[in-house]
Amino acid sequence: MDPALNPYTPGSGRRPHSLQGRDREIEAFDLLVARAKARRYDRGMILSGLRGVGKTALLNHLRAHAEHHGWFTVRLEAQNSESGARVNHKQLATGLRHGLRKFSTKHALKQAAEGVMGLIEGSSLSVAGVSVRAPASRSAEDTLFDVEEIVEAASEMVRSKGVALAVFVDEMQDLEADLTAALIVTQHRASQEGWPFYVIGAGLPNLPAFLADSRSYAERLFLYCKIGPLDDAAARQALVDPAESVGGRYSPEALGKLVAAAEGYPYFLQEFGSAMWEVAAGTPFQLEDADLAIEAGTALLDRGFFPSRWDRATPAERKYLRAIAATGETAPKTSSLSIAQTTAGPLRAAAIRKGIVYSPEHGRISFTVPGMATFIARQIDTDE
Ligand SMILES: Nc1ncnc2c1ncn2[C@@H]1O[C@H](COP(=O)(O)OP(=O)(O)O)[C@@H](O)[C@H]1O
Ligand SMILES: [Mg+2]
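Residues numbered from 1 in each chain as written. Chains lettered and ligands numbered in written order. Predicted model: local features only at pLDDT ≥ 70, side-chain atom pairs only at ≥ 80, totals over all residues. Heavy atoms only, no water.

Colleague: Let's hear about the nonpolar core: which residues, and what values?
Modeller: Judged by nonpolar contacts, the single largest core of 117 residues is most densely connected at Phe29, Trp71, Tyr250 and Leu321. For this core, the leading source of residues is helix α11 (residues 266-279), giving 7 residues. For Leu321, the contacting residues outside a window of four places in its chain are Trp310, Ala313, Ala351, Ile356, Val357, Phe367 and Ile376. (Core = buried A, V, L, I, M, F, W, Y, C linked by side-chain atoms within 4.5 Å. Buried < 20%, exposed > 50% of the residue type's maximum accessible area, 1.4 Å probe, protein only. Helix = DSSP H or I, 4+ residues; strand = E, 2+ residues; numbered from the N terminus. Contact = heavy atoms within 4.5 Å.)

Encoded structure:
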């Protein structure tokens, strides 16, 4: 097929041609928007799941919906970078400034926004900003105080328009402790004081536990949504819809084959769909095309999706990862891994920091991407 027309979107956070199977989450958010119009405020939302299931795409979709309804929105992608501490604080400050500018222009509230803008610019969040406090004296209390103050001031303004202020945080498990606490505590105050403020977070499956570790009442502050693989019908639509939009069709056998191979994971569906578009000589796509597409798609995954984590691991960390893969379990006990327990601790910590594995519950370990164990099994061990 004509590569210029390839309608699939393999990648990170790329907006899919059609966002399949997320009606429940979208409806829940719709309700937040509708209730905000009536000055009724609910809980924030947390989306959690493995890499490649479509959290970022969904988060961006919800944010676009909020923007469309005139909300004051801020987007933050948390980074646990060693290079620059406080990048997240700065991102939040910048996001608040830009969001406020857009909001106040749209609603002709320039004057009312000036006071809020002053608070943001003078806050400890702005690293290079005009903070009156010396950098050394910035503390967790400052962060909390500043976030609360800004949200309180903005609340009045957004309430007058029947909308809300929402901070969309992607990769939220990577947020540092003081910012996490500030957002949770402010969400808590918002629910008590009736402030139109929401934290909408997305992250790995351990995000709910991460939030509860910060403040135990976080369990009751949010609507928690587990984002998993698509069901069979949605997975089929995720392949069929994009193709049909540019005149491509699947034979039932070819479609069944790709759906089975992707196991419902949006990233895999996009990669296989895209490969199908590349290999098929014409439409409707046939079973032989599907075999070729799965082969080509898997090769692409082996060059991009999986190595983006694997290549970041040191030889010692890879040994640890191989030990996890060798168990054949999704969430093996760390004590059951065939690796010297003395070295396991630091390796585990490094692999978690690099986003390759996470701890689904105390004493257990899992890969953050689906299919990682079989990818590892396909790799020749050159580290020995
Ligand atoms: N609901 C969906 N239906 C179809 N494709 C999707 C859906 N959600 C995401 N995708 C696609 O899946 C891939 C991974 O999405 P992304 O949002 O980056 O996942 P995550 O943030 O969970 O790692 C992207 O190629 C995206 O276009
Ligand atoms: Mg993402």
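Colleague: Explain the pairing of strand β1 (residues 44-48) to me, and be specific about the residues and the numbers.
Modeller: Among the 5 residues of β1, 5 are classified as buried, and the element is accordingly described as predominantly covered. The two faces of β1 match: Gly44, Ile46 and Ser48 on one face and Met45 and Leu47 on the other face are all buried. Note that β1 and strand β5 (residues 222-226) share 5 bridges and pair parallel. When the sheet's bridge partners are listed, Met45 is paired in β5 with Leu223. In this sheet, strand β4 (residues 197-203) lies alongside β1 in parallel orientation, the contact comprising 4 bridges. Following the sheet pairing, Leu47 is matched in β4 by Ala202. (Pairing = 2+ DSSP bridges.)

Colleague: Tell me about the sheet that holds β1, and please be specific about residues and values.
Modeller: Reading across the sheet, the 5 strands line up as β2-β3-β4-β1-β5 and stay open at both edges, with parallel pairing between neighbours. Two strands in the sheet have a free side with no partner beyond their single neighbour: β2 (72-77) and β5. Direction aside, neighbouring strands of the sheet carry axes that sit 15 degrees apart on average. Where β2 and strand β3 (residues 165-170) come together, 6 bridges link them in parallel fashion. In the sheet register, Thr73 faces β3, and the bridge partner there is Ala166. (Axes fitted to C-alpha atoms, helices over the stretch in contact; angles between N-to-C directions.)

Colleague: Outline the confidence of the model for the chain, supporting the account with residue identities and numerical values.
Modeller: Summarising the model, the chain shows a mean pLDDT of 93, and 95% of its residues fall at 70 or more. Taken as a whole, residues 128-134 scores under 50 in pLDDT and shows 13 contacts with residues more than four places along the chain or in a different chain. (pLDDT = per-residue confidence, 0-100.)

Colleague: Now, about the domain arrangement of the chain: what can you tell me, with residues and values included?
Modeller: By the assigned domains, the chain splits into domain 1 (23-226), domain 2 (231-303) and domain 3 (314-378). Each of domain 1 and domain 2 was reduced to a C-alpha centroid, and the two centroids are 37 Å apart. (Domains from an automatic or database assignment.)

Colleague: Lay out the environment of Ser160 in plain terms, naming residues and giving numbers.
Modeller: Among the secondary structure elements, Ser160 is positioned in the loop between α5 (140-159) and β3. Put simply, Ser160 and Ala296 are 136 residues apart on the chain and 54 Å apart in space, counted from C-alpha to C-alpha. A polar contact of 2.6 Å, which involves the side chain of Ser160, links it to the backbone oxygen of Met157. (Polar contact = N/O pair within 3.5 Å; in protein donor to acceptor, adjacent residues only side chain to side chain.)

Colleague: Which residues make up the site of ligand 1, and what values do they have?
Modeller: In the neighbourhood of ligand 1, 22 residues make up the surrounding shell, with Thr9, Gly13, Arg14, Gly52 and Thr56 lying closest. Arg14 is positioned with one of its backbone polar atoms (N or O) 2.6 Å from an oxygen atom of ligand 1. Here a nitrogen atom of ligand 1 sits 2.8 Å away from a polar atom, N or O, in the main chain of Gln20. Computed on the free molecule, ligand 1 has an accessible area of 560 Å², of which 96% lies beneath the protein chains in the complex. By residue class, the composition of the shell around ligand 1 is 8 nonpolar, 10 polar and 4 charged. Both domains that furnish three or more residues to the shell around ligand 1 are identified here as domain 1 (23-226) and domain 2 (231-303). (Near = heavy atom within 4 Å. Areas by Shrake-Rupley, 256 points an atom, 1.4 Å probe, with all protein chains shown as cover. Nonpolar A, V, L, I, M, F, W, Y, C, P; charged D, E, K, R; others polar.)

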